[in-house]
Structures are given as C-alpha cells and as structure tokens.
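# Overview (structure and organization)
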Amino acid sequence: MQKLTALDVEDLAVISAHMQDAVLLAGDMRYDPRRKQFALLSNRYAWDDAQTPQRRRSGLHFGRVLAVKTLNMGGLEKDEVMSLLSVTFAETDPPAGEVLLSFSGGATVRLLVECLECQMADLGAAWEARATPRHPLEDGTD
C-alpha cells in the first residue's frame, strides 16, 4: 500500500506515475471551497507491483485550493467512467500555481492553488485487475 505526499514538482511526478490509468466515476470528485480542498476517489492500477496486475482503491487530495475549473466535462454524467492520464503542476506566481488533472478523451480539471500540497493514499487491499493498461505509441504501434 502506498501513501505519498507532494510539495514540489518532482514529488508530484511520482504521484502522477502511481495514479496513471486510475479509473474513477466523474461523480467521485469533490471540491470544498470553505476548506479549500479538492479530493477524488479512484481505482488506481498498481504499477508498483509488476508481478500481478492489480488495482487498489486510492484517494488523491489537494489542499489550499482557491478554485476549480473544468474543460470538456460539461456532458459527463456522475456515473461516467474516466481514466486519469497525468497530474502536473505549473507555478504562476510562486508558490501559487495550477494543478492539471488530465483524463483520456480530453477532459481536464484545473486547480488554482496557493501552493502545491497533495497526498495520495491507498485505502484498502488490492484486487486482481482484468487487464493491464496499454498506451499505443504515436506512430500507432504498441
């Protein structure tokens, strides 16, 4: 089980690698403006265990979030499955910046944050994955 914290771009790259190909329902994301928190629940593919394809229920939490903006998510139903591709951060007015959650199909969640404050934690035991995610190369080959 993993429990990771990111306070800089390098740490966030590690979390992004662990969260790559996590699947979640569009309704499993929440923003609490009073608490300045954004969180999501997902079934992440456990890339850290190469021997047995498995998934784990995982939470991803961001603190000090000032605003949330979305792109290409207007028509999504709450029970629609999304696949997380990457999580990145760009400083705009250090230490403030934007966290970008990129999903397959072009959906994007942008978090405007006071500073980068992220935690990822597995929430339970793993189960066998039906398949290993694959990413075709740009030339169309695997």
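Anyway, here's the lowdown on the structure attached to this text. (Residues numbered from 1 in each chain as written. Predicted model: local features only at pLDDT ≥ 70, side-chain atom pairs only at ≥ 80, totals over all residues. Heavy atoms only, no water.)

### A short note on the pairing of strand β5 (residues 54-63)
In terms of residue burial, β5 counts as a mostly covered element, since 8 of its 10 residues are buried. By the bridge criterion, 9 bridges tie strand β4 (residues 37-45) to β5 in an arrangement that is antiparallel. Pairing of N43 across the sheet is with R57, part of β5. Bridge count between β5 and strand β11 (residues 127-128): 2 bridges; the pairing is antiparallel. What sits directly across from Q54, in β11, is E128. For β5 and strand β10 (residues 118-122), the ladder comprises 5 bridges, and the chain directions are antiparallel. What sits directly across from L60, in β10, is M120. (Buried < 20%, exposed > 50% of the residue type's maximum accessible area, 1.4 Å probe, protein only. Helix = DSSP H or I, 4+ residues; strand = E, 2+ residues; numbered from the N terminus. Pairing = 2+ DSSP bridges.)

### Some remarks on the pattern of salt bridges
Side chains that differ in charge, positive against negative, can pair when their charged atoms come close. Enumeration according to the criterion identifies 6 salt bridges in this entry. Taking the shortest distance from any N to any O, the salt bridge between D122 and R44 comes out at 2.8 Å. Residue D122 is located in strand β10, and its partner R44 is located in strand β4; the two are separated by 78 residues in the primary sequence. On the basis of relative accessible area, D122 is assigned to the buried category, the value being 6%. The class of R44 is buried, set by a relative accessible area of 0%. (Salt bridge = Lys/Arg side-chain N within 4 Å of Asp/Glu carboxyl O.)

Geometric values such as these leave the question of function open.
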